[in-house]
Amino acid sequence: MGEILGLGCTHYPGLLGADDKLPGLFHHLLTAPNVPEHYKQPKNWPAELLAELGNDAGQAAAVRYGERMANGFRAVRKALDEFNPDFVLVWGDDQYENFREDIIPAFCVHGYDDEFEVQPWHNGANGTNGGGKPNRWNEPGDWALKLRGQRDAAKYLATGLIERGIDVAYSYKPLHHPLAHAFTNTFLYLDWDRKGFPYPVIPFAINCYGSNLLHAKGGISALFIPPRPENEMPDPPSPHPWRVMEDGAAVAETLAASPWRVAVIASSSWSHCFLSPTNGYIWPDQKADRHLFETLSRGDYDSWRSRTLKDMEQAGQHEMLNWMALAGAMEKLGRKKPVVHDYVETWIFASEKCFVSYPV
């Protein structure tokens, strides 16, 4: 029988750069034409936001935040290494990377080759001569994140899910992009101290952005472009939270019947300010996030299952569908409460972050 370790973390793109770049998104959002003017005015900001900005536009807070993020990933990596899995499955979202107008699957298991690589800092011609995108680790543009897939396990998983009534898609090679950033960033961050990432991986994509995916191209552009015409029918939605929990439960059941030790990881930040009208797209929905955090902390899976997609999208919690899969898996395995390594609230760094593990 298989053994399963549950983990939760983030793939927040802001961490790719140096700490001094972290406040940049907040200041950029203040220039967005679709942000209500009321929320652009400092006189209307909460005291916590003003305190985090401080008198240096958020620079001191960014240093503290960067270190806290690093320690969160180190804690999750420690749990991962102590478990020493045969492979790692990551639930992540695709933001107009591999899945675009040609196909948008609700769920897709990636059974990639035994060995593949991604060049996260490649920047056109510069990537071939050591240049490339600036990054936290000062790695050159031709640096490669070397990964291993586990195609047989991906086939086993997809087969098991289909047999259990989860009509999952599967792929053996990328479509438009080597690997969606939800997965690439997760592997980069779990190797924060650059000691290597030796575990084979199975990326598991969930359509978290639903009706917003194609219009906004999976990012913040909806705040900078004209809104969708009122007479235009919206694109189909994401799967509902309860359905994603069913998917997670089926993953757990399938892998528990396998011969493998598997770490399953939910990778996402929590409410994204730029997706949520609750606070004018400027700061996250702390109230909605606290509710989910408190119920998760006490193992109240019914509260998670009853959360509606409409409420999640109002709060900018689109990517929390990845965590819904983890919750469904842990409920199926009888794991009542997680070990919370950190829960980080913020007003200027886009979204709450949470780091947890569910020991075997």
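Quantities reported herein were computed from a predicted structural model and do not represent experimental measurements. Along each chain, residue indices are assigned from 1 in the same order as the chain's sequence is written. The model is predicted, so local features are restricted to residues of pLDDT at least 70 and side-chain atom pairs to those at 80 or more, both for listing and for counting; the totals for chains, interfaces and linings are taken over all residues. Where side-chain values are given, they derive from all heavy atoms of the structure, hydrogens and water being excluded.

Draft legend 1. Expanded view of the overall build of the protein chain. Only runs of H or I of at least four residues qualify as helices and only runs of E of at least two qualify as strands under DSSP, and these elements are numbered from the N terminus. Helix and strand counts for the protein chain stand at 12 helices and 10 strands. For 360 residues, the compact-globule estimate of 2.2 N^0.38 gives 21 Å, and the protein chain sits close to it at 20 Å. When a residue's accessible area, from a 1.4 Å probe over protein chains only, is under 20% of the maximum for its type it is buried; when over 50% it is exposed; and in between it is partly exposed. Residue burial in the protein chain is summarised as follows: out of 360 residues, 57% are buried. Exposure was quantified through the Shrake-Rupley algorithm and a 1.4 Å probe, taking into account, for residues, occlusion by the shown protein chains and nothing else. As presented, the protein chain carries roughly 15,000 Å² of accessible surface, and 53% of it is formed by carbon and sulfur atoms. In summary, the charge assignment counts Lys and Arg as positive and Asp and Glu as negative, without counting His or the chain termini. Lysine's charge is taken at NZ, arginine's at CZ, aspartate's at CG and glutamate's at CD. Treating the 34 positive side-chain charges of the protein chain as one cloud and the 45 negative ones as another, the clouds have centres 2 Å apart. Note on method: radius of gyration uses C-alpha positions; expected globular size equals 2.2 Å times residues raised to 0.38.

Draft legend 2. Up close: the layout of surface pockets. Space inside the largest pocket adds up to approximately 910 Å³. In terms of lining residues, the largest pocket is bounded by 38 residues, among which P13, G14, L16, H181 and N185 are the most central. Contributing elements (two or more residues each) for the lining of the largest pocket: helix 1 (24–29) and helix 6 (181–190). Think of it as three bins: nonpolar holds Ala, Val, Leu, Ile, Met, Phe, Trp, Tyr, Cys and Pro, charged holds Asp, Glu, Lys and Arg, and polar takes everything else, Gly as well. Split by residue class, the lining of the largest pocket holds 16 nonpolar, 17 polar and five charged. In this model, the second largest pocket occupies a volume close to 370 Å³. Whether a set of points on the 1 Å grid over the protein atoms alone is a cavity depends on a 1.4 Å probe fitting there but being unable to get out, while an open set qualifies as a pocket with protein on both sides within 12 Å along at least five of seven lines; lining residues are those with an atom within 4 Å of a point. Every residue lining the second largest pocket is counted, 17 residues in all, and those nearest its centre are N212, A222, F274, L275 and Y281. Contributing elements (two or more residues each) for the lining of the second largest pocket: helix 7 (213–216) and helix 11 (309–314). Grid points are joined across faces, edges and corners, and a volume is the space filled by probe spheres set on the points.

Draft legend 3. Inspection of the pattern of salt bridges at higher detail. Note on definitions: salt bridges are taken to be side-chain nitrogens of Lys or Arg within 4 Å of carboxyl oxygens of Asp or Glu. Taken as a whole and assessed by the stated rule, the structure comprises 21 salt bridges. Across the salt bridge formed by D193 and R74, the nearest N and O atoms sit 2.9 Å from each other. Of this pair, D193 sits in the loop between helix 6 and strand 7 (201–206) while R74 sits in helix 4 (residues 59–83), and the two are 119 residues apart along the sequence. Between D302 and R305 there is a salt bridge; the shortest N-O distance is 3.1 Å. Residue D302 and its partner R305 are both found in helix 10 (residues 301–306); the two are separated by three residues, about one turn of the helix. Residue classification places R305 among the partly exposed residues on the basis of a relative accessible area of 30%. Taken together, the shared-partner salt bridges in this structure form one network comprising R77, D81, D191 and K195.

Draft legend 4. Layout of the nonpolar core. Nonpolar cores are built from buried Ala, Val, Leu, Ile, Met, Phe, Trp, Tyr and Cys residues. Side-chain atoms within 4.5 Å join them into one set. Membership of the largest hydrophobic core comes to 114 residues, with the highest contact counts inside it found for W91, F204, W270, W304 and W323. Counting residues per element, this core draws most heavily on helix 4, at 10 residues.

Draft legend 5. Inspection of empty space enclosed by the protein at higher detail. Under the criterion given, the structure shown has one cavity of 30 Å³ or more. Surrounding the largest cavity, D94, F99, I104, P105, A106, C108, A205, I206, N207 and L213 form its lining. Looking at the lining of the largest cavity, its residues break down into eight nonpolar, one polar and one charged.

Draft legend 6. Up close: unusual backbone geometry. Residue N84 is not a glycine yet carries a positive backbone phi of 55°. Its place among the elements puts N84 in the loop between helix 4 and strand 2 (87–93). Despite not being glycine, A350 shows a phi value in the positive range, around 75°. Assignment of secondary structure puts A350 in the loop between strand 9 (339–344) and strand 10 (353–358). Classification of A350 as buried rests on a relative accessible area of 6%.

Draft legend 7. Inspection of the sheet that holds strand 1 (residues 3–9) at higher detail. Two strands make a pair as long as DSSP finds a minimum of two bridges between them. One open sheet accounts for eight strands, arranged 6-3-7-2-8-1-10-9; its pairing is mixed. Every interior strand has two partners, whereas the edge strands, strand 6 (169–171) and strand 9, have only one. Here the average twist between neighbouring strands, direction ignored, is 15°. Summarising the sheet, strand 2 and strand 7 pair through six bridges and their orientation is parallel. Directly across from W91, in strand 7, lies its bridge partner F204. Packed on one face of the sheet, helix 4 meets strand 1, strand 2, strand 8 (261–267), strand 9 and strand 10 and runs near 175° to strand 1. Lines fitted to the C-alpha atoms define the axes, with helices restricted to the stretch that makes contact. Angles between their N-to-C directions range from 0 to 180 degrees. In this analysis, two residues are considered to be in contact whenever any of their non-hydrogen atoms come within 4.5 Å of each other.

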